[in-house]
Amino acid sequence: MNIEFFEQERIFKLDTPNTTYMLQIADTEGFPVHLYYGRRLRDHILDDPARLKLHPFMPSKNERERCSFLDCTPFEYPNHGLGDYRDDAFSVINPDGHTATSLSYSTHRIYDGKPAIPGLPATFEGNAVQKGDTAVCAVTNITETGSDSTDSQERGCKTLEILCLDEANGLEITLYYSVFDDNDAIVRSVKFKNTGKYNNIKLTKALSTCVELYGAEYDTIFLHGSWARERWMDRQPLGYGKHSVSSCRGESSHQEHPFIAVCERGADEDHGHVYGFNFVYSGNFIAQAERSQFDQVRVLMGIDPVDFSWNLRAGEEFHTPEVISVFSAEGIGTMTRNFHDLYRNHLIRSRYLHRKRPILINNWEATYFDFDTDKLIAIAKQAKEYGIEMLVMDDGWFGHRNDDNSSLGDWYVNENKLKGGLKHLVDEVNAIGLKFGIWMEPEMISPDSDLFREHPDWAIQIPGRKPTLSRAQLVLDLSRKEIRDYVFSQVEKVLKSAHIEYLKWDMNRQLTDLGSSGLDKDSQGELFHRYVLGVYELQERLVSEFPDLLLENCSGGGARFDPGMLYYSPQIWTSDDTDAIERLAIQQGTALIYPLSTMGAHVSDCPNHAVGRVTPFETRGYVALAGTFGYELDVTKIPKADQEMIPKQVAMYHKYNDLVREGDYLRVASYQENHEWDCWEVVSKDKSEALVTLVQVLNHANMKPRVVKLKGLDPDKTYSLRYFDIGTGNETDEELVLGGDVLMYAGINMTGAYNGDFRSRLLHLKEI
Ligand code: DGJ
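A closer look at the packing of helix α5 (residues 373-386) against helix α6 (residues 421-432)
No. 1: At their nearest, the axes of α5 and α6 sit 9 Å apart, and the two run at 15 degrees to each other. One element, α5, and the other, α6, form an angle in the roughly parallel class. For the element pair α5 and α6, the recorded crossing hand is right-handed. Each of Thr 373, Leu 376, Ile 377, Ala 380, Lys 381 and Lys 384 in α5 lies in contact with α6, whose residues at this interface are His 424, Leu 425, Glu 428, Val 429 and Ile 432.

Below, the structure is given as structure tokens:
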């Protein structure tokens, strides 16, 4: 990786191992303009793709047509209101009421490493984490993070800062770009500074990135969803105009995802050019591709400008969150694996990242609110017998919460349910030999709570308006420091009250009624962003004070599954839909960007509570194995045959989790596309081992042959193949020996391996 500046042409060339990104400072008004993003180039000399030399409307030659020039120039960070009618990257309202912006190059710096972004999650130089150097990654107390990693690869990075000026507004705008030794990602963010021409400038839009692509027929891929149906892949041809997804819900959301891929029309898993963009942020966002009159495609990403404004007073700075972009010339799969590696090596800080997580059993789908100490102990005892390692007590243990209508904010134990208190329960569970984890929803307040009765103004709401309830609850105003301090003290008190080793941090509603009693009338537009900053501050305090805590973020299922939250927790609850078949699409979409080790996935009871489907226990286990793996059922009540399978699944998890957690993930077949079967692989980095999961969703009579061509293996290696036998918890004695070339180019015949719907198989390959 490298970043070079070619002085004569004023070109910046950013190289990752396989890609190049180039921009130029145009002679015209010093605009930073985009030149190239794609496969790695040897040299910086191009044939003027931005038409900067030949442009018929160059203002220096043809001042009367400046507008035409602006309207098709590929800007690195597009201006507002001066003649570029495509969407802009930033806008303001200055004290004179004007909204136009413009930015011109001033100076630049290129240096090793990557600065942290104040108050925001961000990728970091991986070497620093391995060495326990906390400064670069802005972690306060997590000194041992990632120390379990045995991989000694160089994980350095380099940063380019381009300082630009919008003189008319007295604004300094710094564009940041970072590249890594070991990854094809380019990370961008922006800093604004009011240099004092005006006492205050209101930022009304401050996106994090803009990339201009030229000349191909493109498709977009978005991850669309809903509650219990998160992140389904949605691919559409990119037509003219703006095509965007966004969230203005105060969280990244179930519905849309802070991700966009723009790929060549014919690109598939293994071929074609793909540009992926993911936003390291957990609040409102916009992700947009706009195809212009000249077939230029402008990709924008950042905080959704809807209901956003920020007062930048003289001397103050505003930092945007960062956007990660990955270009792959070898299809969608390579993009995926770059994101996975980037997140494992440069974003997730938890010391659990490279560790096998304890197999947990969560009582939510087992009992919902109807539990007490005895019930939990009975589950724990049985779970222990089967090899499960941790009991997680979900919602309903505090205040007088027997349903979802009350008590959020009252984080003291409901002694009617937990007789003898929380510590007593935890001690008992520990005595059985299980770890203990707990559920909390710290950001919320129920109108029926002691906290609300005492502090009605602590909820986000607009004076004079009846606030909109969702799940009978309101949201605490985390923009206010005293409320954040109170929330943290409550979480801290609970965690310190007993030997609690895991926390599920839930967030079950979106934000409405944006009003804060802590902000003046000119600053109400800051609340959405200040709320997210408040969440981040709380989570930073949490992981700093409890570095050994295993934190799992969650939001009504998977509404806040994003890179921002991964900075704090190594895993996130993927979806409230635990049905193995529904999970195929949900987990496939999620794993398009996020490593399998981050996806909370549990085996649950049937008929499934979300969809009523009955699937084999075995299949539920194989699908959950592609995530963190755990259980969400009453182990004392499920059929005996299923209970007996648990120890076999536990053995399966211990056997394969290292590979699943650390390996390369490859999509082989997608049920969403073929409507029959699903198949994915995880291959170890050295290609000596692989795990293939195949789920036959629908069976047919007189089936066509199903020859599965594997991927990602070494064609020159020879592998032994054995199926995992859920009956014994071991692999079959019977083995097949085949070359990697045969497995990939000729394939293996998996026709008729099973009879029935929802059946599945797990195949383990080992180099011999
Ligand atoms: C939503 C979560 O996704 C569920 O797993 C469960 O924790 C409930 N909230 C509890 O209210």
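Describing the packing of helix α12 (residues 617-625) against helix α13 (residues 640-662)
No. 1: Across the interface, α12 lies against α13 with an axial gap of 10 Å and an inter-helix angle of 25 degrees. Classified by the angle their axes make, α12 and α13 are roughly parallel. At the point where α12 passes α13, the crossing takes the right-handed sense. When α12 is examined against α13, the residues Phe 617, Glu 618, Arg 620, Gly 621, Tyr 622 and Leu 625 are found in contact with a partner set consisting of Asp 642, Met 645, Ile 646, Gln 649, Met 652, Tyr 653, Tyr 656 and Val 660.
No. 2: Split into classes, the residues belonging to the contact of α12 with α13 amount to 9 nonpolar, 2 polar and 3 charged.

Thoughts on the side chain of Asp 678
No. 1: By the secondary structure assignment, Asp 678 is in strand β33 (residues 677-683).
No. 2: In this structure, Asp 678 is buried with no salt-bridge partner, the nearest side chain bearing the opposite charge being Arg 667 at 8.8 Å.
No. 3: Engagement of the side chain of Asp 678 in a polar contact is seen with the backbone nitrogen of Tyr 671, the distance being 2.7 Å.
No. 4: Not counting the four nearest positions on each side in its chain, Asp 678 is found in contact with Leu 584, Gln 588, Ala 669, Ser 670, Tyr 671, Thr 693, Leu 694 and Val 695.

Regarding the sheet that holds strand β1 (residues 2-6)
No. 1: The 4 strands are arranged β1-β2-β3-β4 in an open sheet whose pairing can be described as antiparallel. The outermost strands of the open sheet, each flanked by one partner alone, are β1 and β4 (32-39). On average, adjacent strands in this sheet sit at an angle of 15 degrees to one another, irrespective of strand direction.
No. 2: Here 7 bridges tie strand β3 (residues 19-25) to β4, and the two strands are oriented antiparallel to one another. Residue pairing in the sheet places Tyr 21 in a bridge with Tyr 37 of β4.

Looking at the domain arrangement of the chain
No. 1: Partitioning the chain into structural domains gives domain 1 (2-346), domain 2 (360-656) and domain 3 (667-767).
No. 2: Look at where the C-alpha atoms of domain 1 and domain 2 centre, and you get two points 33 Å apart.
No. 3: Facing 54 residues of domain 1, the contacting portion of domain 2 comprises 46 residues.
No. 4: Across the domain 1/domain 2 interface, buried area totals approximately 4,100 Å², and carbon plus sulfur atoms make up 56% of it.
No. 5: Ranking the residues of domain 1 by area buried against domain 2 places Arg 231, Glu 251 and Trp 310 at the top, with a combined share of 15%.
No. 6: Put simply, domain 1 and domain 2 have 30 residue pairs in polar contact (both at pLDDT 80 or more) between them.
No. 7: For the side of domain 1 that touches domain 2, the secondary structure elements donating two or more residues are β11 (218-224), β12 (232-237), β15 (274-279), β18 (310-313) and α3 (331-346).
No. 8: It is α3 that contributes the most residues to the side of domain 1 that touches domain 2, 7 residues altogether.
No. 9: When its residues are assigned to classes, the side of domain 1 that touches domain 2 shows 28 nonpolar, 17 polar and 9 charged.

A closer look at the sheet that holds strand β26 (residues 502-505)
Backbone hydrogen bonds are what pair the strands of a sheet, in a parallel or an antiparallel way.
No. 1: One open sheet holds the 9 strands; their spatial order is β29-β28-β27-β26-β23-β22-β21-β31-β30, and the pairing between them is parallel. Lying at the two open borders of the sheet, with one neighbouring strand each, are β29 (599-600) and β30 (602-604).
No. 2: Here β26 runs beside strand β27 (residues 550-553); their pairing, made up of 4 bridges, is parallel. The residue of β27 that forms the bridge with Leu 503 is Leu 551.
No. 3: Sheet contacts for α12: β30 and β31 (630-632); angle to β30, the most-contacted strand, approximately 160 degrees.

Quick word on the pairing of β4
No. 1: Counting buried positions along β4 gives 6 out of 8 residues, so the element sits mostly inside the fold.
No. 2: Between β3 and β4, which pair antiparallel one after the other, the connecting turn spans 6 residues, and Glu 29 there sits at a positive phi close to 55 degrees.

Details of the site of the ligand
No. 1: Around the ligand lies a shell of 13 residues, among which Asp 394, Asp 395, Lys 504, Asp 506 and Asp 576 are the nearest.
No. 2: The side chain of Asp 394 places a nitrogen or oxygen atom 2.7 Å from an oxygen atom of the ligand.
No. 3: Between the ligand and Gly 557 there is a distance of 2.8 Å, counted from an oxygen atom to a backbone nitrogen or oxygen.
No. 4: Contact with the protein chains covers 99% of the free accessible surface of the ligand, which is 290 Å².
No. 5: For the shell around the ligand, the residue count by class is 4 nonpolar, 3 polar and 6 charged.

Here we look at the side chain of Thr 615
No. 1: If you trace the backbone, Thr 615 turns up in the loop between β30 and α12.
No. 2: Those residues within four positions of Thr 615 in sequence are excluded, and the remaining contacts are Asp 579, Ala 580, Ile 581, Cys 606, Arg 620 and Phe 758.

What counts as what
- Counting from 1, residues in each chain are numbered in the order their sequence is written.
- Only residues with pLDDT of at least 70 get local features here, since the model is predicted, and only at 80 or more are side-chain atom pairs given and counted; chain-wide, interface and lining totals rely on the full set of residues.
- Only heavy atoms go into the side-chain values, all of them from the structure, while hydrogens and water stay out.
- Fitted lines through C-alpha atoms serve as axes, helices being fitted only where they are in contact, and the angles separating the N-to-C directions of these axes extend from 0 to 180 degrees.
- Think of it this way: any DSSP run of H or I at least four residues long counts as a helix, any run of E at least two long counts as a strand, and we number them from the N terminus.
- Angles below 35 degrees are treated as roughly parallel, those above 145 as roughly antiparallel, those between 65 and 115 as roughly perpendicular, and all remaining angles as oblique.
- The crossing is said to be left-handed when, going from far helix to near helix, the turn is anticlockwise and less than a right angle, and right-handed when the turn is clockwise.
- Here, residues are in contact when the closest pair of their heavy atoms is within 4.5 Å.
- Asp, Glu, Lys and Arg are counted as charged, while Ala, Val, Leu, Ile, Met, Phe, Trp, Tyr, Cys and Pro are counted as nonpolar; the rest, among them Gly, fall into the polar class.
- When accessible area is computed with a 1.4 Å probe and restricted to protein chains, residues below 20% of their type maximum are described as buried, those above 50% as exposed, and intermediate ones as partly exposed.
- Only four residue types enter the charge count, namely Lys and Arg as positive and Asp and Glu as negative; His and the chain termini do not.
- The term salt bridge refers to a side-chain nitrogen of Lys or Arg lying within 4 Å of a carboxyl oxygen of Asp or Glu.
- N or O atoms closer than or at 3.5 Å make up a polar contact, with two conditions inside protein: a donor-capable atom paired with an acceptor-capable one, and, for residues adjacent in sequence, both atoms drawn from side chains.
- At least two DSSP bridges between two strands are needed for those strands to be called paired.
- Boundaries of every domain are those given by an automatic assignment or by a domain database.
- Here's the idea: put two parts together, see how much 1.4 Å probe accessible area each one loses, and the total over both is what we call buried area.
- Think of it this way: one heavy atom of a residue within 4 Å of a molecule or strand is enough to make that residue near it.
- Residue-level accessible areas treat just the shown protein chains as cover; the underlying method is Shrake-Rupley with a 1.4 Å probe.

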